[in-house]
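Chain by chain, the residues:
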Amino acid sequence: MSIATTTAREVTQSLATGRSKEHGPAALIFLGLLWFSMFFGVVVLLVLIIDTIIEGSSRFDGALLTEYGSRVSPETTGFRAGILGSAWLMVFTALFAVPLGIAAALYLEEFANRDRWWNRLIELNLQNLAAVPSIVYGLLAVAVMALLGFDNSGTVLGGAIALALLILPVIIITTREAVRAVPREIRDGSLALGATVWQTTWRQTLPSAIPGIATGTILGLSRAIGEAAPLVVVGLAGSVRFDPEGLLSSITALPMQIFSLTSQSQEDFQTAASAAIVVLLVMILGLNGLAIFIRNKFQRTW
Amino acid sequence: MPANAAYANSRTPAGHVPDPLVDAHDGESRGLPDMPPDPVMEAFGLNVYYGDFHAVHDVNLSFGRHEITALIGPSGCGKSTVLRCLNRMNDLVTGARVEGEVTYHGQNMYARNVDPIAVRTHIGMVFQKPNPFPKSIYDNIAYGPKVTGMKVENMDDLVEGALRGAALWDEVKDKLKQSAYGLSGGQQQRLCIARTIATKPDVILMDEPCSALDPIATARVEDLMHELRSDYTIIIVTHNMQQAARVSDRTAFFTARADETTGNRTGLLVEFDRTSQMFSAPRDKRTEDYISGRFG
Ligand SMILES: Nc1ncnc2c1ncn2[C@@H]1O[C@H](COP(=O)(O)OP(=O)(O)OP(=O)(O)O)[C@@H](O)[C@H]1O
Ligand SMILES: [Mg+2]
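Residues numbered from 1 in each chain as written. Chains lettered and ligands numbered in written order. Predicted model: local features only at pLDDT ≥ 70, side-chain atom pairs only at ≥ 80, totals over all residues. Heavy atoms only, no water.

Enquirer: Explain the overall build of chain A to me, please; I cannot follow it from the model alone.
Expert: The helix and strand inventory of chain A stands at twelve helices and zero strands. Ordered by position from N to C terminus, the α and β elements of chain A give α-α-α-α-α-α-α-α-α-α-α-α. On C-alpha atoms alone, chain A measures out to a radius of gyration of 26 Å, which is more than a quarter above the 19 Å that the 2.2 N^0.38 rule sets for 302 residues. Overall size of chain A, expressed as C-alpha extent along the three principal axes, is 95 × 60 × 35 Å. Burial status across chain A gives 40% buried among its 302 residues. At a minimum sequence separation of 6, the contacts of chain A that also span at least 24 residues come to 72%. Working note: accessible area of chain A is about 16600 Å², and carbon and sulfur atoms make up 68% of it. Computing the positive centroid from 19 side-chain charges and the negative centroid from 20, chain A places the two 12 Å apart. (Helix = DSSP H or I, 4+ residues; strand = E, 2+ residues; numbered from the N terminus. Rg over C-alpha atoms; globule rule 2.2 N^0.38 Å. Buried < 20%, exposed > 50% of the residue type's maximum accessible area, 1.4 Å probe, protein only. Contact = heavy atoms within 4.5 Å. Areas by Shrake-Rupley, 256 points an atom, 1.4 Å probe, with all protein chains shown as cover. Lys, Arg positive; Asp, Glu negative; His and termini not counted. Charge placed at Lys NZ, Arg CZ, Asp CG, Glu CD.)

Printed below as a string of structure tokens:
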């Protein structure tokens with residue numbers, strides 16, 4: 001037998017052991033733990049959602065969406081004010097937070113000199129801001145409204161300021177990541193043609209980063225839409241009986257309405273609250289779906 | 001005196017204090033290297049630092065009009081660094097510092113009142129990896145003239161002219177509105193060349209423009225360089241010695257020397273001469289070792 005065949009056989013033997021280290025007992029136990037943890041999270045979430053859907057199912061009707069909240073007829077109470085209020089809040093939150101967030105992120109990524117202490121300080125602060133409890137942003141918004149000279153901060157403006165401040169760090173962080181993902185070569189190509197840094201940022205970097213920015217913004221918004229705490233602090237009403245008309249009209253928001261209904265003892269209010277939670281979930285799912293759609297549609301491989 | 005400045009790098013004239021970074025390998029008088037008669041760009045005493053790191057030491061070079069100059073040498077010897085100094089792309093690298101002069105038609109480009117943006121419109125650059133913009137082929141070409149505020153009477157003509165100039169027109173004329181990312185690597189690189197000539201530069205810098213291309217695409221780019229030579233001055237960095245020999249009129253050979261105390265490798269120019277001379281009878285032992293593959 002030639003040397004080559006002998007070696008080949010030895011190699012085959014050492015490879016075909018019939019056992020695999022991937023399936024040792026320790027590995028299996030660890031894998032089991034991972035599965036258990038995952039199932040635990042998913043199952044709890046599913047039970048919660050299904051329970052809420054079952055409880056609210058008797059109220060999945062038109063009145064839920066079109067009626068104002070009513071204390072006298074709990075069986076037909078609706079969330080028109082809350083849904084419209086939340087929609088207005090989202091629009092103005094985005095209008096405030098997106099330009100500010102993008103500008104801040106572009107400054108930090110493209111213009112700031114990282115050797116300067118103040119830029120490092122800003123960066124450090126930004127990471128901490130993302131971890132600040134949402135209620136603090138409510139207080140901040142009240143202060144801002146007072147500075148602007150408004151007595152009543154429980155308005156579209158006050159609520160949108162609170163939520164915009166809340167999601168600003170998220171938008172800045174995701175925008176920076178999207179901007180950083182644009183390859184250096186694209187910028188160099190533009191600059192080498194005689195474009196300024198400003199032109200390069202505006203015409204190359206920013207357009208290429210838009211899918212990432214949009215996803216980040218929408219995810220931020222879907223967090224903001226479920227927030228009640230900062231809105232309570234700002235002083236949004238638990239219930240109003242008119243549609244929002246402008247920046248300064250008093251409004252309520254869906255999470256606020258849900259919050260105020262769950263403290264009522266009547267069964268019908270509890271049912272309505274569950275149905276409203278489902279509405280809120282659908283809105284959040286819609287936003288997340290939009291984010292996924294944008295990401296897939298505009299995804300770019302370099 | 002510019003013509004002899006480059007030469008001073010490889011020789012130690014009488015009375016001159018020997019430079020510790022340049023060893024006196026040569027000394028035989030084989031006559032002066034032949035300098036470009038009509039230099040468009042020249043570098044005098046060019047030193048580049050990245051922070052504390054001395055990347056390039058005292059380079060003197062001159063680049064002749066309508067000539068192709070190749071910069072060759074082992075990896076890390078500072079070829080790209082020198083090239084980036086020629087259109088002030090090094091300004092964009094944080095921590096990079098340039099000493100010495102780079103002149104363009106006699107004007108020092110590192111003078112205080114010079115706008116680096118304006119410099120780059122005269123001295124274009126093509127990169128190692130084809131880097132088309134994520135736009136249509138047409139917009140890739142139109143981008144430069146737009147951002148630099150060039151007066152363009154008919155953008156369609158300009159785009160066609162640039163694409164013809166880069167020998168790409170016939171391949172893309174039916175899909176100008178399609179994404180540049182749909183082109184092959186070689187086509188993308190020629191698109192980048194077309195994009196550069198669309199802004200009507202005087203000098204084109206190329207940093208290993210063919211290293212990401214296959215031999216056929218490489219040959220096309222090399223042919224293109226020969227065609228472009230009649231209108232532009234080209235400076236090309238290449239790792240491929242045959243390519244330098246094939247395309248260039250003059251060659252500058254760089255090498256890196258380790259500092260005795262810190263061990264940092266500083267690049268320096270060893271020899272600059274006509275390519276034919278350099279490849280047939282190099283004056284310096286290090287050049288000879290490098291081009292004959294005995295470098296180590
Ligand atoms: N941005 C930078 N910051 C710090 N050091 C750098 C930077 N760019 C290059 N250098 C250093 O400068 C030296 C020269 O680099 P350069 O890229 O000019 O070499 P090169 O001759 O082009 O090499 P290659 O053939 O591998 O491309 C190297 O030691 C490199 O590490
Ligand atoms: Mg290089």
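Enquirer: Which parts of the structure should I look at to understand the site of ligand 1?
Expert: Residue and element names in this part refer to chain B. Residues in contact with ligand 1 amount to 14 residues; listed here are only the nearest, Ser 75, Lys 79, Ser 80, Thr 81 and His 239. One nitrogen or oxygen atom from the main chain of Gly 78 is found 3.0 Å from an oxygen atom belonging to ligand 1. Note that an oxygen atom of ligand 1 is positioned 3.3 Å from one of the side-chain N or O atoms of Glu 208. When ligand 1 is considered free in solution it has 630 Å² of accessible area, and contact with the protein chains removes 66% of it. For the shell around ligand 1, the secondary-structure elements that each account for two or more residues are β2 (53–64) and α2 (79–86). Of the residues forming the shell around ligand 1, the biggest block, four residues, is contributed by α2. Considering only residue class, the shell around ligand 1 consists of five nonpolar, six polar and three charged. (Near = heavy atom within 4 Å. Polar contact = N/O pair within 3.5 Å; in protein donor to acceptor, adjacent residues only side chain to side chain. Nonpolar A, V, L, I, M, F, W, Y, C, P; charged D, E, K, R; others polar.)

Enquirer: What's the story with the interface of chain A and chain B in this structure? I'm lost.
Expert: When the parts of a complex come together, some accessible area is lost, and that lost area is often taken as the interface size. In this assembly, 19 residues from chain A lie in contact with 24 residues from chain B. A buried area of about 1800 Å², summed over both sides, lies between chain A and chain B, and 63% of it is on carbon and sulfur atoms. Taken as a group, Ala192(A), Leu193(A) and Arg203(A) account for 34% of the area that chain A buries against chain B, more than any other trio of residues on that side. Our enumeration of links across chain A and chain B arrives at one salt bridge. (Buried area = accessible area lost by both parts, 1.4 Å probe. Salt bridge = Lys/Arg side-chain N within 4 Å of Asp/Glu carboxyl O.)

Enquirer: Before we go on, may I ask you to explain the state of the cysteines in this structure?
Expert: Here a disulfide denotes a covalent bond joining the sulfur atom of one cysteine to the sulfur atom of another. All names here are of chain B. Counted according to the given criterion, the structure contains zero disulfides over all chains. Free cysteine Cys 192: the closest other cysteine sulfur is in Cys 210, separated by 12 Å. Using a relative accessible area of 2% as the deciding quantity, one classes Cys 192 as buried. When its relative accessible area of 8% is taken as the criterion, Cys 210 is described as buried. (Disulfide = S-S within 2.5 Å.)

Enquirer: Please clarify how the packing of helix α4 (residues 80–111) of chain A against helix α11 (residues 254–262) of chain A should be interpreted in this entry.
Expert: The relative placement of two packed helices comes down to the angle between their axes together with the axis-to-axis distance. Residues and elements named next belong to chain A. Taken N-terminus to C-terminus, the directions of α4 and α11 make an angle of 145°; their axes are 7 Å apart at the nearest point. For the pair formed by α4 and α11, the contact residues are Ala 81, Gly 82, Ile 83 and Ser 86 on the first element and Leu 254, Pro 255 and Gln 257 on the second. Classifying every residue of the contact of α4 with α11 by side-chain character gives four nonpolar, three polar and no charged. (Axes fitted to C-alpha atoms, helices over the stretch in contact; angles between N-to-C directions.)

Enquirer: What's the story with the confidence of the model for chain B in this structure? I'm lost.
Expert: Detail in the predicted coordinates should be disregarded across regions flagged by low pLDDT. All names here are of chain B. Counting all residues, the mean pLDDT for chain B is 86, and 88% of those residues have values of 70 or more. The spread of mean pLDDT over the elements of chain B runs between helix α1 (residues 2–8), the lowest at 43, and strand β8 (residues 233–237), the highest at 96. Long-range and interchain partners of residues 1–30, a stretch whose pLDDT sits below 50, account for 42 contacts in this model, where long-range means more than four residues apart. (pLDDT = per-residue confidence, 0-100.)

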